[in-house]
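Below are the chains, spelled out letter by letter.
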Amino acid sequence: TTNHLRHVESMASLPSGAGKISHLNAVILGEALASEENDFVFPSDDFSRQALIPSPHKYLEMYKRSIEDPAGFWSGIASSQFYWKQKWGDQVCSENLDVRKGDIKIEWFKGGITNICYNCLDRNIDAGLADKIALYWESNEPGFDAHLTYSQLLHRVCQLANYLKSIGVRKGDAVIVYLPMLMELPITMLACARIGAVHSVYILLPHKIVEKLDCKPKVVITCNAVRRGPKTINLKDIVDAALVESAKNGISIDVCLTYENQSALKRESTKWQEGRDVWWEDVVPKYPTTCDVEWVDAEDPLFLLYTSGSTGKPKGVLHTTGGYMVYTATTFKYAFDYKESDVYWCTADCGWITGHSYVTYGPMLNGATVVVYEGAPNYPDSGRCWDIVDKYKVTIFYTAPTLVRSLMRDGDEASCISNLVYTLKYPVQNYVTRYSRKSLRVLGSVGEPINPSAWRWFFNVVGGSRCPISDTWWQTETGGFMITPLPGAWPQKPGSATFPFFGVQPVIVDEKGTEIDGECSGYLCVKGSWPGAFRTLYGDHERYETTYFRPFPGYYFTGDGCSRDKDGYHWLTGRVDDVINVSGHRIGTAEVESALVSHPQCAEAAVVGVEHEVKGQGIYAFVTLVEGVPYSEELRKSLILTVRNQIGAFAAPDKIHWAPGLPKTRSGKIMRRILRKIASRQLDELGDISTLAEPGVVDQLIALADS
Ligand code: ATP
Ligand code: MG
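Residues numbered from 1 in each chain as written. Chains lettered and ligands numbered in written order. Predicted model: local features only at pLDDT ≥ 70, side-chain atom pairs only at ≥ 80, totals over all residues. Heavy atoms only, no water.

1. Some words on the overall build of the protein
So, point 1. A tally of helices and strands in the protein yields 22 helices and 32 strands.
So, point 2. Taken over C-alpha atoms, the radius of gyration comes to 25 Å for the protein, in line with the 27 Å a tight globule of 707 residues would show.
So, point 3. With the C-alpha coordinates aligned to their principal axes, the bounding extent of the protein is approximately 65 × 55 × 50 Å.
So, point 4. Across the 707 residues of the protein, 64% fall into the buried class.
So, point 5. If you average the places of the 72 positive and of the 82 negative side-chain charges in the protein, the two averages end up 1 Å apart. (Helix = DSSP H or I, 4+ residues; strand = E, 2+ residues; numbered from the N terminus. Rg over C-alpha atoms; globule rule 2.2 N^0.38 Å. Buried < 20%, exposed > 50% of the residue type's maximum accessible area, 1.4 Å probe, protein only. Lys, Arg positive; Asp, Glu negative; His and termini not counted. Charge placed at Lys NZ, Arg CZ, Asp CG, Glu CD.)

Written as structure tokens, this is what we have:
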């Protein structure tokens, strides 16, 4: 940590009032736009003054304590802010993170007895939040919505928990969940947690997964269908097919509890298997609205969740209860500078980790009001997000770069003929600026590096140059934020995730695993453990050790590349597997993509390496253009020139491949491993594409390969 502390110490010596730092060529929020020339973007004095962490100095003080005495730091938070039926044993944390010293083991608060559902609901209700809105639900169709207060939510959770108990679900049993963004999804997660059952939420086509499941689930919870944008997706059909597949692998499901999502599909039209399938609405509401809590050990499993599958087959990540609870709540609070009056909206689906930690658990543990949106972010048009922001007076808006880029691409509605009606109604207004967005206070980004140009658009246009952006770097495996801005604490740099969260010690190592200092670039690892860390890969501790702890013994290896600049800021450069080596220059995919996206006619870009006779590897770029811009030779040249000017001749793409769309995981990440196969024309080796959001784009890309 000494390196990191030094960097932050030099930051901390800066005065916290932004206006005073003229020599840094500073931009003050609200006074100027964040632009290319200006490195730093400062929170306004007003923002900092009210912030939980108002200065680099305050951050440094807490960060130091968290590193010098992790046990004291975390147990202080755990005991003062959560309910424990029984306190943990003598050791707050017991760990072995070094494969050379035996099996990897991480335990936090072992022996502590608690329940995360109790801490989300009962504890907050006892503290006076019974009538506070817990969930606002917004339907895919504008005009349809619902909400639940904390006490109403508790009632719903208890009814489902009682039902699950009645069909024999016990502590430690796995429950498979395949639900869209209805209130029933967080309700289900909380109900499982209440009775100590282990939820496993899927966003993927479940048969690919269920066949591998050795957790022997008895129950699947799903709904008949969902509307996403103009489409209706019959989830129940997908589940049915998955259950046929899993039966072949010896997994038989006793009950398929199905929620009737009436706006999407009526029960008469739903395929049904008597004896196995049960309508949620027919059984759950009949159960009592109170349900005793199953008290569990801090190290009892809470959930099993598969990673996005960007780099290969998804990995079954197992999180336990106590450490995860303390970590998600604390990261949520500080990274979004949470206030009781906030209305928080995270666009992520609960089927991936962001929805676990930052739709359900983190916010609910803080007693926050959370917006859950069922539908597509650009339905009925690209203004929907801001419509929702205005409707619920959202103050914290957390999303992914992919959404930012796609909304940015849609740009001025006046230029879209398809939106002629709106154009007449709102002449020459922008999809964004037609809405007020005044309530917004903090913005957030997760999932991929956010390109500086997308950052600026998000900051300047969406946030009105007023809202700091928390660019949170973390992983399914880490449970919660690892490197993230604390919005009031220090100036931001567009595209940098800034500094580590409390208790996190990021280190950058070279190929040999030696820590490197100062301005540097290399493999991102983490030293020591933090409470939210995953404990194993389900059923495969060996793979857990091999993937994460063997590459650089003594450290947790993230798989990501990272560079640290002269001011100590961290810049994620993409996955190390994706690094391209051109004539000896190591180039991160993120760098080239950012340069391409900064071109005004480029909406999105994905870069991969291909074999090159002379250079070793060549750069192959897939480019999606802004709506309505035609492909042309001239544009191709101008894109290449942009990269050449911004990075250097060595980074200039050898090939630009026009891409109407890019293959993405359901969580919105670009799947470069598929692009690599397309680029090298190994079309029969595309691998597992089951986690793609729209597998059809692959064929489109292949069709355009030589145009
Ligand atoms: P798999 O591990 O199955 O290949 P995945 O890594 O995409 O899939 P996730 O756990 O959902 O699965 O994503 C974590 C990864 O997302 C990180 O390792 C990093 O590459 C990327 N990421 C997440 N947030 C950020 C961020 N703010 N900046 C840069 N990269 C990010
Ligand atoms: Mg990963």
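2. Regarding the pattern of salt bridges
Pairing between side chains becomes possible if they bear opposite charge and their charged atoms approach one another.
So, point 1. In this structure the tally under the stated criterion is 36 salt bridges.
So, point 2. Between aspartate 277 and arginine 276 there is a salt bridge; the shortest N-O distance is 2.7 Å.
So, point 3. Since its relative accessible area comes to 6%, aspartate 277 is described here as buried.
So, point 4. Given the relative accessible area of 10%, arginine 276 is considered buried. (Salt bridge = Lys/Arg side-chain N within 4 Å of Asp/Glu carboxyl O.)

3. With respect to unusual backbone geometry
So, point 1. Residues tyrosine 379 and proline 380 are joined by a peptide bond in cis, for which omega reads -5°.
So, point 2. If you trace the backbone, proline 380 turns up in the loop between strand S19 (369-373) and helix H14 (384-392).
So, point 3. Backbone geometry at phenylalanine 109 places phi at a positive 60°, although glycine is not the residue there.
So, point 4. Along the chain, the position of phenylalanine 109 falls in the loop between strand S4 (105-108) and strand S5 (113-114).

4. Comments concerning the environment of leucine 407
So, point 1. Its place among the elements puts leucine 407 in helix H15 (residues 401-410).
So, point 2. The class for leucine 407 is buried, based on a relative accessible area of 4%.
So, point 3. For leucine 407 and lysine 566, which are 159 residues apart along the polypeptide, the C-alpha to C-alpha distance reads 33 Å.
So, point 4. Sequence-distant contacts of leucine 407, that is, excluding residues within four places in its chain, are made with Ser382, Cys385, Trp386 and Trp457. (Contact = heavy atoms within 4.5 Å.)

5. Side note on the packing of helix H21 (residues 672-679) against helix H22 (residues 696-703)
So, point 1. Here H21 crosses H22 at 25°, and the two axes come no closer than 11 Å. Classified by the interaxial angle, the pair formed by H21 and H22 is roughly parallel. The interaxial crossing formed by H21 with H22 has right-handed handedness. Judged by residue contacts, Ile674, Leu675 and Ile678 of H21 engage Val698, Leu701 and Ile702 from H22.
So, point 2. Of the residues in the contact of H21 with H22, the class split is six nonpolar, no polar and no charged. (Axes fitted to C-alpha atoms, helices over the stretch in contact; angles between N-to-C directions. Parallel < 35°, antiparallel > 145°, perpendicular 65-115°, else oblique. Left-handed = near helix turned anticlockwise from the far one by under 90°. Nonpolar A, V, L, I, M, F, W, Y, C, P; charged D, E, K, R; others polar.)

6. Examining the confidence of the model for the protein
Detailed reading of the predicted coordinates is not advisable wherever pLDDT falls low.
So, point 1. Taken residue by residue, the protein gives an average pLDDT of 89. The fraction at 70 or more is 90%.
So, point 2. On the interface metric, ipTM, the complex scores 0.99, and its pTM is 0.92. (pLDDT = per-residue confidence, 0-100.)

7. Quick word on the site of ligand 1
So, point 1. Around ligand 1 there are 21 residues in total, and Thr307, Ser310, Thr311, Thr476 and Arg575 lie nearest to it.
So, point 2. For ligand 1, an oxygen atom lies 3.1 Å from a polar atom in the side chain of lysine 315.
So, point 3. Burial of ligand 1 by the protein chains amounts to 96% of its free accessible area of 630 Å².
So, point 4. Here the shell around ligand 1 is composed, by residue class, of five nonpolar, nine polar and seven charged. (Near = heavy atom within 4 Å. Polar contact = N/O pair within 3.5 Å; in protein donor to acceptor, adjacent residues only side chain to side chain. Areas by Shrake-Rupley, 256 points an atom, 1.4 Å probe, with all protein chains shown as cover.)

8. A word on the sheet that holds strand S26 (residues 556-564)
So, point 1. If you walk across this open sheet you meet the four strands as S23-S24-S26-S27, and the pairing is antiparallel. At either margin of the open sheet sits one strand with a lone partner, and together these are strand S23 (505-509) and strand S27 (570-575). Each strand axis lies, on average, 45° off the axis of its neighbour in the sheet, ignoring direction.
So, point 2. Across five bridges, the pairing between S23 and strand S24 (residues 520-527) is antiparallel. Within the sheet, the bridge partner assigned to isoleucine 508 lies in S24 and is leucine 524. (Pairing = 2+ DSSP bridges.)

9. Some words on the sheet that holds strand S6 (residues 133-138)
So, point 1. Pairing is mixed in the open sheet, where seven strands are placed in the order S7-S6-S19-S18-S20-S21-S22. Where the open sheet ends on each side, the last strands, each with one partner, are strand S7 (145-149) and strand S22 (469-471). Averaged over all neighbouring strand pairs, the angle between strand axes comes to 20°, with direction disregarded.
So, point 2. As paired elements, strand S21 (residues 442-445) and S22 share three bridges and run parallel to each other.

10. A word on the packing of helix H7 (residues 150-166) against helix H8 (residues 184-194)
So, point 1. Put simply, H7 and H8 touch, their axes get as near as 8 Å, and they point 60° apart. Considered as vectors, H7 and H8 are oriented oblique to each other. Crossing of H7 over H8 shows right-handed handedness. Contact residues: H7 offers Leu153, Leu154, Arg156, Val157, Cys158, Leu160, Ala161 and Leu164, while H8 offers Glu184, Ile187, Thr188, Leu190, Ala191, Cys192 and Arg194.
So, point 2. Broken down by class, the residue content of the contact of H7 with H8 amounts to 11 nonpolar, one polar and three charged.

11. Concerning the UniProt feature "domain: AMP-binding enzyme C-terminal" (unreviewed entry) in the protein
So, point 1. UniProt records the feature "domain: AMP-binding enzyme C-terminal" (unreviewed entry) at residues 591-669, using the numbering of this structure.
So, point 2. For residues 591-669, the end-to-end C-alpha separation is 16 Å, with 27% helix and 32% strand making up the annotated structure. (UniProt positions renumbered as here; feature names shortened; annotations may be inferred.)

12. Considerations on the pairing of S23
So, point 1. Extensive coverage of S23 is indicated by the burial of five of its five residues.
So, point 2. By the alternation rule, side chains of S23 split into Gln505, Val507 and Val509 and Pro506 and Ile508, which are all buried.

13. Observations concerning the UniProt feature "domain: Acetyl-coenzyme A synthetase N-terminal" (unreviewed entry) in the protein
So, point 1. UniProt marks residues 59-120 with the feature "domain: Acetyl-coenzyme A synthetase N-terminal" (unreviewed entry), using the numbering shown here.
So, point 2. Taken end to end, residues 59-120 comprises 44% helix and 16% strand; its first and last C-alpha atoms sit 27 Å apart.

14. Notes on the nonpolar core
So, point 1. In terms of nonpolar packing, the biggest core is built from 144 residues, with Phe109, Leu153, Tyr361 and Phe502 touching the most fellow members.
So, point 2. It is H7 that provides the largest number of residues to this core, a total of nine residues.
So, point 3. When residues no more than four places from it in sequence are discounted, the contact partners of leucine 153 are Leu121, Ala134, Leu135, Leu148, Ile187, Leu190 and Met364.
So, point 4. Counting 49 residues, the second-largest nonpolar core is a separate cluster that includes Val371, Val432, Ile469 and Ile587. (Core = buried A, V, L, I, M, F, W, Y, C linked by side-chain atoms within 4.5 Å.)

15. Focus: the side chain of serine 66
So, point 1. Turning to its location among the elements, serine 66 is positioned in helix H3 (residues 56-68).
So, point 2. A polar side-chain atom of serine 66 sits 2.7 Å from the main-chain carbonyl oxygen of tyrosine 63.
So, point 3. Every residue in contact with serine 66, bar those within four places of it in the chain, is listed here: Phe73, Phe502 and Gly503.

16. Considerations on the pairing of S26
So, point 1. Burial analysis of S26 places nine of its nine residues in the buried class, the great majority of the element.
So, point 2. Pairing analysis gives six bridges linking S24 to S26, with the strands arranged antiparallel. If you follow glycine 522 over to S26, its bridge partner there is cysteine 562.
So, point 3. Looking at chain direction, S26 and S27 are connected through five bridges and run antiparallel. Within the sheet, the bridge partner assigned to glycine 561 lies in S27 and is glycine 574.
So, point 4. Hairpin geometry of S26 and S27 is characterised by an intervening segment of five residues between the two adjacent antiparallel strands and by a positive phi of about 85° at glycine 568.

17. Quick notes on the environment of tyrosine 569
So, point 1. Tracing the backbone shows tyrosine 569 in the loop between S26 and S27.
So, point 2. Its relative accessible area of 0% is what places tyrosine 569 among the buried residues.
So, point 3. Spatially, the C-alpha atom of tyrosine 569 lies 58 Å from that of glycine 275, the residues being 294 residues apart in sequence.
So, point 4. For tyrosine 569, the side chain forms a polar contact with the main-chain oxygen of proline 491, separated by 2.6 Å.

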